[in-house]
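Fold and contact review
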Amino acid sequence: MSSSSSSSSSSSATATATKVFEIGKYTTVLQKVESGTCISKSSVAVPPPKPLLIAMPSEAGQFPVIIFLHGYLLYNSFYSQLIQHVSSHGFIAIAPQLYTVAGADSSDEIKAAAAVTNWLSKGLQEVLPPHVQPKLSKLCIAGHSRGGKAAFALALRKTATTLKFSAIIGVDPVDGMDKGKQTPPPVLTYVPHSFDLDMAAMVIGSGLGELKRNPMFPPCAPKGVNHEDFYKECEKPACYFVVKDYGHLDMLDDDTKGIRGKSTYCLCVNGKSREPMRRFIGGVIVAFLRAYLEDDGSDLMAIGNGQTGPVELQRSEFYV
């Protein structure tokens, strides 16, 4: 076992060392698929169990797949810029809308995420152009906030899926309001390296997520149930990045519409703008996917060595 930790200062001088923080070579297409939609080709497609937002390359090829689960009471459309960034580097990114209203118990959204995963082998190709083929043997599960908790729940087999995941990503994952107040069903055990994942893991945290925006409400990513706790329970191989000066919702689209969209600028402590945090998260996801789905770890190691493009990290660690 080896573990390394470092803090990096501004990395503008080294930003050109890796291109994962920029839009990739593929032209992306963003497609909405409603649940219950039937698409006629040679046969009737099996409709997805939940509405989907799919970002895919427009060029022909066979591409690895990443499922991205939205945060608590957020819309999948709020992540359209992020998933298009990932897709532009040669991935199919699928963001289901797990619910529109939810309570404290996250069991139903975990089951919904499992249902979407199980649907992929039956119906995904039917909603994609024939020249865009999913490589389901290379499948990553990822999620933000409570969606990150749901992603870990699936990776930990809390609900069975017919497809096997190759990697897990938690983007500022949260398991409740505070330590001892986890959202049921609990995922964190508070036992170091207790996650029996059998896959590579990456956890990304926000430096400002632990801070309160409003004294009447808890922080958006409270200490004791946040990214630090998820990383501590990961087994190797795992990597961990905490972004300085950015908040829990700073990876969302610049323009998030509607009442919920406007509230995303008011609920959490935010950085100066979303674009740098979103670019970093998109880039580090691409680097991680290349490392563990495509056996090319050069970009991930470059980020670990301080080439962090648009942001400064307050923590960078690998457990290998």
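These figures come from a predicted structure and were not determined experimentally.

Per the stated rule, a full pass over the model turns up 11 aromatic pairs. For the ring pair F21 and F280, a centre distance of 5.7 Å and an interplane angle of 20° mean the geometry is stacked. A residue pair is termed long-range when its members are at least 10 positions apart, and F21 in the loop between β1 (3-6) and β2 (28-33) and F280 in helix α6 (residues 275-293) qualify at 259 residues. Across the pair, exposure class does not vary: F21 and F280 are buried alike. Their ring planes at 85° and their centres at 5.5 Å tell us that Y26 and F63 sit as a pair that is edge-to-face. Note that Y26 is positioned in the loop between β1 and β2 and F63 in strand β4 (residues 61-69), a separation of 37 residues in sequence.

Another point: empty space enclosed by the protein. Summed over all chains, the structure comprises 1 cavity of 30 Å³ or more. What the largest cavity holds in volume is close to 40 Å³. Around the largest cavity, the lining residues are I66, F68, L82, I83, V86, A93 and I285. Sorting elements by how many residues they give to the lining of the largest cavity places helix α1 (residues 80-87) first, with 3 residues.

Turning our eyes to something else, we now look at unusual backbone geometry. Here the bond from P184 into P185 is cis, since omega is -5°, no more than 30 degrees from zero. Phi at L73 is positive, roughly 60°, even though this residue is not glycine. When you line up the elements, L73 lands in the loop between β4 and α1.

A few words now on the state of the cysteines. Scanning the model with the defined rule gives 1 disulfide in all. Two residues share a disulfide in this structure: C220 and C268, whose sulfurs sit 2.0 Å from each other. On the S-S bond that ties C220 to C268, the torsion sits near -95°, and the link is left-handed. Remark: C268 occurs in the loop between α5 (258-263) and α6 and C220 occurs in the loop between β10 (200-206) and α4 (227-233); sequence separation between them is 48 residues. Residue C268 is classed as buried on the basis of its relative accessible area of 4%. Looking at the unpaired C140, the closest cysteine sulfur is the one in C239, lying at 11 Å. The exposure class assigned to C140 is buried, which follows from its relative accessible area of 0%. Of all cysteine sulfurs in the structure, the one in C268 sits closest to C266, which takes part in no disulfide; the separation is 10.0 Å.

Relative to the assigned elements, V132 resides in strand β6 (residues 132-144). Along the backbone, V132 and M177 are 45 residues apart, and their C-alpha atoms lie at a distance of 41 Å. Not counting residues up to four positions away in its chain, the partners in contact with V132 are M56, P57, E59, G61, F63, I92 and Q125.

A few words on the layout of surface pockets. Approximately 740 Å³ is the volume found for the largest pocket. For the largest pocket, the lining is made up of 30 residues, of which Y72, M177, P219, C220 and L267 are closest to its centre. Put simply, the parts of the chain that give the lining of the largest pocket at least two residues each are β8 (176-178), β9 (181-182) and α5. Of the residues belonging to the lining of the largest pocket, the class tally is 15 nonpolar, 10 polar and 5 charged.

Burial analysis of α1 places 6 of its 8 residues in the buried class, the great majority of the element. Turning to α1, the residues buried within the fold contact β2, β3 (52-57), β4, β5 (92-96) and α6.

Taking burial as the measure, the 7 residues of strand β12 (residues 313-319) include 5 buried ones, the bulk of the element. Strand direction decides the pairing type here: strand β11 (residues 238-243) and β12, joined by 6 bridges, are antiparallel. Each residue of the ladder has a partner; that of Y240, found in β12, is E317.

Another aspect to go through is the nonpolar core. If you look at the biggest cluster of nonpolar residues, it comprises 51 residues, and the most contacted ones within it are I54, L124 and L197. If one sorts the elements of this core by residue count, helix α2 (residues 107-127) sits on top with 9 residues. The next biggest cluster of nonpolar side chains, apart from the first, holds 47 residues, and it includes A167, F241, I285 and L293.

For the structure shown, the criterion picks out 15 salt bridges. K232 is paired through a salt bridge with E228; the nearest N and O atoms lie 3.8 Å apart. On the criterion of helical spacing, the pair formed by K232 and E228 is a turn pair, its members being 4 residues apart in helix α4. Where E275 meets R279, a salt bridge forms, and the shortest distance between an N and an O atom there is 3.5 Å. Residue E275 and its partner R279 are both found in helix α6; the two are separated by 4 residues, about one turn of the helix. Given the relative accessible area of 22%, R279 is considered partly exposed. It is possible to trace a salt-bridge network through shared partners that takes in E210, K223, E228, K232, R315 and E317.

Cut-off values and rules
Residues numbered from 1 in each chain as written. Predicted model: local features only at pLDDT ≥ 70, side-chain atom pairs only at ≥ 80, totals over all residues. Heavy atoms only, no water. Phe/Tyr/Trp six-rings, centres within 6.5 Å; stacked < 30°, edge-to-face > 60°. Helix = DSSP H or I, 4+ residues; strand = E, 2+ residues; numbered from the N terminus. Buried < 20%, exposed > 50% of the residue type's maximum accessible area, 1.4 Å probe, protein only. 1 Å grid on protein atoms, 1.4 Å probe; cavity = no way out; pocket = protein on both sides within 12 Å on 5 of 7 lines; lining within 4 Å. Points joined across faces, edges and corners; volume = space filled by probe spheres on them. Disulfide = S-S within 2.5 Å. Contact = heavy atoms within 4.5 Å. Nonpolar A, V, L, I, M, F, W, Y, C, P; charged D, E, K, R; others polar. Pairing = 2+ DSSP bridges. Core = buried A, V, L, I, M, F, W, Y, C linked by side-chain atoms within 4.5 Å. Salt bridge = Lys/Arg side-chain N within 4 Å of Asp/Glu carboxyl O.

Such coordinate-based values are descriptive only and should not be taken to indicate function.
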